[in-house]
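So you can see what is in the structure, the chains are spelled out below.
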Amino acid sequence: MAVELDVFVGNTTIMDEEVYQLWLDGYTVNDAVKVRMEGGVMEECEASADVLLSDTMDQYRTFQMCERLLHSPSKLANQLLFQIPPNRQAMLIERYYAFDDAFVREVLGKKLSKGTKKDLDDIGAKTGVTLKSCRRQFDNFKRVFKVVEELKGPLVENIPPIMRLLLISGIMLPLFFFANHRFETGKRKLQYLTFQDFAFCAGQLISNWTVGAVDNMVEDMDVDLDKEFLQELKELKVLITDKDLLDQHKSLVCTALRGKTKAFNEMEANFKNLSRGLVNIAAKLTNTKDVRDFFIDLVEKFIEPCRSDRWTAADMRLYLTHYNNSAHILDTFKHQAVWDRYMVVIKSCIFKMYHD
Amino acid sequence: MPGKLKVKIVAGRHLPVMDRASDLTDAFVEVKFGNTTFKTDVFPKSLNPQWNSEWFKFEVDDEDLQDEPLQVTVLDHDTYSANDAIGKVYIDIDPLLCSEAASVISGWFPIYDTIHGIRGEINVLVKVELFNDLNRFRQSSCGVKFFCTTSIPRCYRAAMVHGFVEELVVNEDPEYQWIDRIRSPRASNEARQRLISLMSGELQRKIGLKVLEMGGNAVVGYLQCFDLEGESGLVVRAIGTACTLDKLSSGSAPNTNTHMHPNTAPASNACNSPSKDGKEPVFGEDLTSSSGPPTPFRALPTTSSSPPPFSPSKPCSRQSSSSDTDLSLTPKTGMGSGGSVGKEAGPLKTLLRQQTQTALEQREFPFFTLTSFPPGFLLHVGGVVSARSVKLLDRIHNPDEPETRDAWWEEIRQEIKSHAKALGCHGVVGYSESTSICEEVCILSASGTAAILNPRYMREGCLDIGITDHRFEEPSPPSCGFCHIPYDELNMPFPAQLTYCYHCRRQKVPDVLFTTINLPQEAAVTGKGCLIQARLCRLKKKAQGEVNATAISNLLPFMEYELHTQLMNKLKLRSMNALFGLHIQISVGENMLLGLASATGVYLTALPAPGGIQIAGKTPGDLSNEHHILTIQKRINDTIAKNKELYQINPPELTEEVVGSPIPEPRQRSRLFRSHSESSDELSELDLSHGKKDAFVLEIDDTDAVEDIHSLLTDAPTPTGFYSCNTEIMPGIYSWTSGVQMFTSVRVFRLSNANLTNQGLNKIFTDLCENLLKSFYFKLRSMIPCCLCQLNFAVAVPEEELIQVAVTAVAMTFDKDQAQEKPADKSTTKGGSETEEQLQFPMELCADASSANTQPSSKISAASVDYGSFADRCSTWLELLRLKAHTIRRGSVKTISSLEHCSPLPEGRSRSLRSNRSFRGSPVTVVKMTPLSFLPGTRIIKYLGIINMFFIRETTSLREEGGVSGFLHTFIAEVFAMVRAHVAALGGNAVVSYSMKECMLMENPNKNQAQCLINVSGDAVICVRETDQEPNPSMANIGQTCASGTDGAT
């Protein structure tokens, strides 16, 4: 004795956001029912487990039928099969193309052409994201990349609304950026950084170091770093190669810091090392390979030494602010503009990346 | 050549990939009407072809225009092999033939394939030019309007109601023709779809002709059904009510000045089926008692106007003992049914004589398929009349002479008519017909409500009739008048406990009233109503032919009896005294019969309060038993008290007992009253009253009875915030908001092989229905407070061990605070601009929004906030893009926006939302659907024509499509989509009076196959948000208050 068939179809497609999320997260129907039961929806509506199971099955079926449409989101708006209110459509798409930070963190900087089951299995095992969900997110990546890469002509007319949404949702842009420059993010030393950290840094780099950042009138903008600027960064080397300048810089910073922090002694002792580290990073950025190592360099050359000296985040802030500002007082240092453009990104990146 | 049909194929989109090599399709379109076919050019290598064809012109008879559907086939061109069909669209062009309906059909239609489902969409433009045709002998009936709605359509006034029209056409079912063995399933399905489309076109045309003959211009309450009789053929039949409708100029209130004019002369010709009075054997005398009539294929008349009996055992045994069977009659001879025909005979003659011939009586069938009436139209309601007949199907030899089927229905109708007469009524309202077929056995059923219609309406327009009858003309208050008994109290057709009306104190009322109609709007009701269902399973032996038919007809009376007992008990348990919208369905399967009675119980203020239920033990002295009885009694009393509170039934306490009642014996009516055509003398013998006045006694004498009581008590109460009913609107709720969600749900239950008892089956069936309801409540919880209206259950036994229940209903939100009182007048100060917005913006979708309005639930409001920010972000992005109009290179993106968007989730941006409008407007018109005749909060401004669609879907990859649930889920969604697309193409934005007439599912999981047939119908309409319209009396209680519904979403 069993229910052989059980369907419920509304003229307006009924979709429960909670169940949708469970479906996206790759829960099986039975697991989803368990989660929902624990969530207390049953008491709320005097329902039984059977009712919950039947409802979950219905919704899962609906989502499966919708999935095909979600793959090309522009279809969702003018398909006739489901009557879904526009705000619900937006929700569906937004959630479908949402990424788990943990997952994105793993994919960051990886080549997207891969994505074998084994890779996804590994990611899943590492992040706790179900394979189904990994697969969805990975396929979404490829789909969006493909669309953007194939775009021709003016963006306004061609970019599908959904891509607009994704690009601005703050996920795709860092991903493009990271994929484009093949930043190293997978090293063990970088493991402690979250996707949010990287996304923030990517934003900083994009808004300060790319061509479009300075000249808004440039017709053809992209996420390539400003080559000229990178070239100019070499000039900053003077800060460490010129002994006088280095000493002068150190004393200025030390004067400003004295008495303001417990870590003063360590700062004073390490100043030259740290300064060398930061300036060397700047000087090497003309090299594509060194651009890839940007984040690992920041961690190795700056963050790790500071952490071993037990600087607080506030210490870090104080130090970098004065480090940046003091350079302006140096008489013989002529590259103020480049220095600022460099340091504004370095500062905010390090602030973000320095976890107490 | 009175018509020119013009078709233009514009474009296609989302076509499937037909050429694996290129991942593209070379599509072209064939347009076929009648025997003429046109083709478009091939549009190569595209999934979104733009044909933009010339106008294809068909010059055709208007007869063909009515019968034939326009057939649009999309194909994939293949140079070397046969072209592959992608799918088809059938377009019914009937709406274009009526000047008041749609003028053009234009829009995107889903391309449908019976094997693959919807495969892309096609944009088609259709126009018709009609030439005036003055030929008096024409065969077409262009211009007659059809409505599924079972009330006078909202923007019309009934100038005349002519009466009953019926027609049926028969044909061979293509599925059973020899050619089916060699053609593909697709070809067979398409042949079937096309044939049914043709047949329903023909049927409509023929009914239209009858209407024109009667002088009418419209059919209201049009009910069309298919009987798939298998080997013996395919029957398409329809009934309706012919009317002359005048379009109301906008602004005037509908439904107020409705008059009804009998039109006697044409009415007598109304039904062309020959009357067989006098020729048929009259079984009147046999049928009157509860003993079975002596024919095997007898009609099983049942009148439920009286409350059913309460002590089941006695009458049952009596019936079974006397149901002898005589196998000499076969349906083929045309005498297979013993309907009670002797119309003018019997003791009620005196009564009939008093009401000299009214117009209605001169008609062959004074039936009305309407269920709601203009105020004052219904004078008195007698009770439910119904008739059933079991027939053996036989091959229809000559499709052009469907006389056998006609004769069958004729008999049933005659019987209904005589029942109505026995109740002292001259008309039957809320009339409907249905069938249930299993192999070669067919149960025909008809039911309606006997009623007396206002003689004043009769008189107007027809001077020669209806003048002499003054008996019922005493003005009675509208709120209780219809409850007053129509029959003679001294000569009652059955023993009823009459009292003076609790409302006006002048006329007599029965203590319980059963009807098939909607609750009259003016009726005075105490508290709220609720859905009441009686469910029953009966096992029967498998048998063939006449033995089988006999077995079924022997079972039927017991089923009716028990269903009525259940209904009565449940009604009492809820402390209510009347049932509306009563619908009893009996479905036959190979080894069982299913009975399902649904109705909406209410407490009519005019009727006396129902007595409680008392449990009596058969074996007094047994202590444990007595204790048991006491417990049950307590539970029952508790339930009644709880229900009173739940449904807010607090009738004004009547201090004085109704004294001086002229009713001689205030006795408990307690017998099965099946056919009472001419049998008043026999009545007293059958009275099984307990002599106790108001207790309704249930005797527990065996396990059966215990089970019955248990089942009585196991009906779960509806959860807080929900109400349910199977009528149009819920008695006691008047402040609907605009949240509407129509749904269809189907469940199939497989019984185990274990030897099931009737009891076990009953429990399974009851649980199935109860669980379905629980599921609905859960799914629709976001709409609370809400009411499920027009809950229509359809049960079937598709295979030996399967029970199928299909439900279509609508959930509507209402304003809790105002639910109590009828709104006198509501300020409706909505501007006209909002109306347009309403049209563009999804109306149906505001379910969420409105509930968010009334009770802000965090989940819902969160969603809308999300959306706002999404749109906001979009607009920001777009503005930036517009400013710069940049291009994007491979692997690169614009950077300018990154300044703002580099952080993963930009928040708190407060930009103007003005520019979002363009994003909102979905390119797909939102079409609301409802089984009701109206949409709350809106006003129907135009009826665009009837939607009547029949689809077949078949699969040979059932597992791959998600099993049988996945298959049906997709199919139902596809059917909805196609209905919506057709309505949108007609220019409409809603379907009212929607119903799913048929949902036949056949599966064979072993072969990985399934097939399903669905028939749906409804009225396509344009409705606008109710604006500055004067609240009209008839609508006052259904709309008006829902103005703010969609605001939350905009």
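In this text the structure is predicted, and so the values were computed from the model without any measurement.

## Details of the overall build of chain A
Here comes step 1: Helix and strand counts for chain A come out as 22 helices and one strand.
Here comes step 2: When each of the 356 residues of chain A is scored for burial, the buried share is 55%.
Here comes step 3: Put simply, 70% of the contacts in chain A that link residues at least 6 apart link residues at least 24 apart.
Here comes step 4: Summed over its atoms, the accessible surface of chain A is roughly 14,900 Å², and 51% of this surface lies on carbon and sulfur atoms.

## A few points about the overall build of chain B
Here comes step 1: Summing up its helical and strand segments, chain B has 20 helices and 32 strands in all.
Here comes step 2: In the structure as shown, chain B presents an accessible area of about 37,400 Å², 50% of it carried by carbon and sulfur atoms.

## Brief notes about the state of the cysteines
Note: disulfide means a covalent bond formed between the sulfur atoms of two cysteine side chains.
All names here are of chain B.
Here comes step 1: Per the counting criterion, the structure on display carries zero disulfides over all chains.
Here comes step 2: Not part of a disulfide, cysteine 483 finds its nearest cysteine sulfur in cysteine 501, a span of 6.5 Å.
Here comes step 3: Cysteine 530 takes part in no disulfide bond, and the closest cysteine sulfur, belonging to cysteine 725, lies 9.5 Å away.
Here comes step 4: Classification of cysteine 530 as buried rests on a relative accessible area of 4%.

## Some remarks on the nonpolar core
Here comes step 1: Of all hydrophobic cores here, the largest spans 161 residues; its most connected members are Leu5, Ile9, Leu70, Ile122, Val126, Leu604 and Leu968 of chain B.
Here comes step 2: Here the element with the most residues in this core is helix H20 (residues 963–985) of chain B; it accounts for 13 residues.
Here comes step 3: Apart from residues no more than four positions distant in its own chain, valine 126 of chain B is found in contact with Leu5, Lys6, Val7, Leu70, Ile91, Ile93, Leu96, Val104 and Ile105 of chain B.
Here comes step 4: Residues Phe178, Leu205, Phe302 and Leu320 of chain A belong to the second largest nonpolar core, which totals 76 residues.

## Regarding the sheet that holds strand E10 (residues 156–171) of chain B
Residue and element names in this part refer to chain B.
Here comes step 1: The four strands are arranged E9-E11-E12-E10 in an open sheet whose pairing can be described as mixed. The outermost strands of the open sheet, each flanked by one partner alone, are strand E9 (145–146) and E10.
Here comes step 2: The sheet contact formed by E10 and strand E12 (residues 234–247) spans 14 bridges and is antiparallel. Paired with alanine 158 across the bridge in E12 is leucine 245.
Here comes step 3: Along the sheet, helix H2 (residues 185–214) contacts E9, E10, strand E11 (218–228) and E12; its crossing angle with E10, the most-contacted strand, is approximately 135°.
Here comes step 4: Strand contacts of helix H8 (residues 403–422): E10 and E12, with the helix running at about 135° to E10, the strand carrying the most contacts.

## Section: the pattern of salt bridges
Residues and elements named next belong to chain A.
Here comes step 1: This model, assessed by the stated rule, comprises 46 salt bridges over all chains.
Here comes step 2: Between arginine 61 and aspartate 58 there is a salt bridge whose closest N-O contact spans 2.6 Å. One end of the pair, arginine 61, and the other, aspartate 58, are both in helix H4 (residues 49–71), three residues apart, so they sit about a helical turn from each other.
Here comes step 3: Arginine 61 sits in the buried class, given a relative accessible area of 11%.
Here comes step 4: The partner of lysine 284 in a salt bridge is aspartate 290, with the nearest N and O atoms 3.8 Å apart.

## Quick word on the packing of helix H1 (residues 17–24) of chain A against H4 of chain A
All names here are of chain A.
Here comes step 1: Where H1 meets H4, the axes come as close as 10 Å, and the angle between the chain directions of the two elements is 65°. The angle between H1 and H4 falls in the class roughly perpendicular. Seen from above, H1 lies across H4 with right-handed handedness. In this structure, H1 contributes Val19, Tyr20, Leu22 and Trp23 to the contact, and H4 contributes Thr56, Gln59, Tyr60, Phe63, Gln64, Glu67 and Leu70.

## Here we look at the sheet that holds strand E22 (residues 592–604) of chain B
All names here are of chain B.
Here comes step 1: With respect to topology, four strands assemble into an open sheet ordered E19-E21-E22-E20, the strand pairing being mixed. Because the sheet does not close on itself, it has two edges, and the strands there are strand E19 (513–514) and strand E20 (525–539).
Here comes step 2: Pairing geometry for E19 and strand E21 (residues 578–588), over two bridges, is parallel. Bridge pairing in E21 places phenylalanine 514 opposite leucine 579.

## Notes on the environment of alanine 809 of chain B
Residue and element names in this part refer to chain B.
Here comes step 1: Turning to its location among the elements, alanine 809 is positioned in strand E28 (residues 802–814).
Here comes step 2: Linking alanine 809 and asparagine 792, residues 17 residues apart in sequence, is a C-alpha distance of 6.1 Å.
Here comes step 3: Here alanine 809 is in contact with Gln741, Met742, Phe743, Cys789, Gln790, Leu791 and Pro931, once residues within four sequence places are set aside.

## Describing the side chain of asparagine 11 of chain A
Here comes step 1: Among the secondary structure elements, asparagine 11 of chain A is positioned in the loop between strand E1 (2–10) and H1.
Here comes step 2: At a separation of 3.1 Å, a polar atom in the side chain of asparagine 11 of chain A contacts the main-chain carbonyl oxygen of valine 927 of chain B.

## Description of H8 of chain B
Residues and elements named next belong to chain B.
Here comes step 1: Across its 20 residues, H8 extends 28 Å between first and last C-alpha, which sits within 8% of the 28 Å expected from 1.5 Å per residue.
Here comes step 2: The buried fraction of H8 amounts to 18 of the 20 residues, a majority that puts the element mostly inside the structure.
Here comes step 3: Downstream of H8 by a residue or two, glycine 424 has a phi angle that is positive, lying close to 75°.

## What about the packing of aromatic side chains?
Residue and element names in this part refer to chain B.
Here comes step 1: A complete count under the given rule lists 42 aromatic pairs over all chains for this structure.
Here comes step 2: Where phenylalanine 164 meets phenylalanine 365, the ring centres are 6.2 Å apart and the plane angle is 80°; that geometry is what we call edge-to-face. Here phenylalanine 164 is found in strand E10, whereas its partner phenylalanine 365 is found in the loop between helix H7 (359–362) and strand E14 (378–392), with 201 residues between them in sequence.
Here comes step 3: Overall, the relative accessible area of 2% leaves phenylalanine 164 in the buried class.
Here comes step 4: By relative accessible area, which is 3% here, phenylalanine 365 ends up buried.
Here comes step 5: Seen from their ring centres, phenylalanine 164 and tyrosine 431 are 5.5 Å apart, and the 80° between their planes marks the pair as edge-to-face.

## Side note on unusual backbone geometry
Residue and element names in this part refer to chain B.
Here comes step 1: At the junction of isoleucine 784 and proline 785, the peptide bond is cis and its omega measures out at 0° in the coordinates.
Here comes step 2: Despite not being glycine, serine 575 shows a phi value in the positive range, around 60°.
Here comes step 3: With respect to the helices, strands and loops of the structure, serine 575 is situated in the loop between helix H10 (545–573) and E21.
Here comes step 4: Despite not being glycine, serine 993 has its phi angle at roughly 50°, a positive value.

## Observations concerning a nonpolar patch on the surface
Here comes step 1: Taken together, the side chains of Trp178, Ile179 and Ile182 of chain B define a hydrophobic patch exposed on the protein surface, amounting to about 370 Å² of accessible area.
Here comes step 2: Mapped onto the elements of the fold, isoleucine 182 of chain B is located in the loop between E10 and H2.

## A word on helix H17 (residues 243–257) of chain A
All names here are of chain A.
Here comes step 1: A rise of 1.5 Å per residue sets the reference length of H17, with its 15 residues, at 21 Å; its end C-alpha atoms lie 21 Å apart and thus fit the reference within 8%.
Here comes step 2: Looking only at H17, the buried set comprises Leu245, Leu246, His249, Val253, Cys254 and Leu257. Projected down its long axis, H17 shows its buried positions confined to an angular sector of 160°, all on one face. Turned more than 90 degrees away from the buried face of H17, the exposed residues are Lys243, Asp244 and Thr255.
Here comes step 3: On its buried side, H17 packs onto helix H16 (238–241), helix H18 (264–284) and helix H21 (313–329).
Here comes step 4: A positive backbone phi angle near 80° is found at glycine 259, which sits one or two residues after H17.

## A closer look at the confidence of the model for chain B
Residue and element names in this part refer to chain B.
Here comes step 1: Considering every residue of chain B, the mean pLDDT works out to 71; 65% of them sit at 70 or more.
Here comes step 2: In the predicted structure, residues 458–474 sits below a pLDDT of 50 and forms 34 contacts with residues beyond four places in sequence or in another chain.
Here comes step 3: The ipTM value of the predicted complex is 0.78, and its pTM value is 0.78.

## Looking at the packing of H1 of chain A against helix H2 (residues 29–38) of chain A
Residues and elements named next belong to chain A.
Here comes step 1: Across the interface, H1 lies against H2 with an axial gap of 10 Å and an inter-helix angle of 140°. With respect to each other, H1 and H2 are oriented oblique. Of the two elements, H1 crosses H2, and the hand of that crossing is right-handed. Only Ala32, Val35 and Arg36 of H2 make contact with H1, whose side of the interface consists of Glu18, Val19 and Leu22.
Here comes step 2: Grouping the amino acids of the contact of H1 with H2 by side-chain chemistry returns four nonpolar, no polar and two charged.

## Here we look at the environment of alanine 283 of chain A
Residue and element names in this part refer to chain A.
Here comes step 1: Among the secondary structure elements, alanine 283 is positioned in helix H18.
Here comes step 2: With relative accessibility at 8%, the residue alanine 283 sits in the buried group.
Here comes step 3: Put simply, alanine 283 and lysine 237 are 46 residues apart on the chain and 6.5 Å apart in space, counted from C-alpha to C-alpha.
Here comes step 4: Beyond its immediate stretch of four places on either side in the chain, alanine 283 contacts Leu233, Lys234 and Lys237.

## Section: the side chain of threonine 241 of chain B
Residues and elements named next belong to chain B.
Here comes step 1: For threonine 241, the position within the fold is in strand E12.
Here comes step 2: A distance of 2.6 Å separates a polar atom in the side chain of threonine 241 from a polar atom in the side chain of threonine 369.
Here comes step 3: Discounting residues that sit within four places of it in the chain, threonine 241 has contacts with Val161, Gly163, Val165, Ala218, Val219, Val220, Phe368, Thr369 and Leu370.

## Topic: the environment of cysteine 254 of chain A
Here comes step 1: Note on placement: cysteine 254 of chain A falls in helix H17.
Here comes step 2: Setting aside chain neighbours within four positions, we find cysteine 254 of chain A in contact with Phe264 and Glu268 of chain A.

About the criteria used
- Residues numbered from 1 in each chain as written.
- Chains lettered and ligands numbered in written order.
- Predicted model: local features only at pLDDT ≥ 70, side-chain atom pairs only at ≥ 80, totals over all residues.
- Heavy atoms only, no water.
- Helix = DSSP H or I, 4+ residues; strand = E, 2+ residues; numbered from the N terminus.
- Buried < 20%, exposed > 50% of the residue type's maximum accessible area, 1.4 Å probe, protein only.
- Contact = heavy atoms within 4.5 Å.
- Areas by Shrake-Rupley, 256 points an atom, 1.4 Å probe, with all protein chains shown as cover.
- Disulfide = S-S within 2.5 Å.
- Core = buried A, V, L, I, M, F, W, Y, C linked by side-chain atoms within 4.5 Å.
- Pairing = 2+ DSSP bridges.
- Axes fitted to C-alpha atoms, helices over the stretch in contact; angles between N-to-C directions.
- Salt bridge = Lys/Arg side-chain N within 4 Å of Asp/Glu carboxyl O.
- Parallel < 35°, antiparallel > 145°, perpendicular 65-115°, else oblique.
- Left-handed = near helix turned anticlockwise from the far one by under 90°.
- Polar contact = N/O pair within 3.5 Å; in protein donor to acceptor, adjacent residues only side chain to side chain.
- Expected span 1.5 Å × (residues − 1).
- Phe/Tyr/Trp six-rings, centres within 6.5 Å; stacked < 30°, edge-to-face > 60°.
- Patch = residues over 30% accessible without salt bridge, like charges linked within 9 Å, V, L, I, M, F, W, Y side chains within 5 Å.
- Arc of directions from axis to C-beta.
- pLDDT = per-residue confidence, 0-100.
- Nonpolar A, V, L, I, M, F, W, Y, C, P; charged D, E, K, R; others polar.

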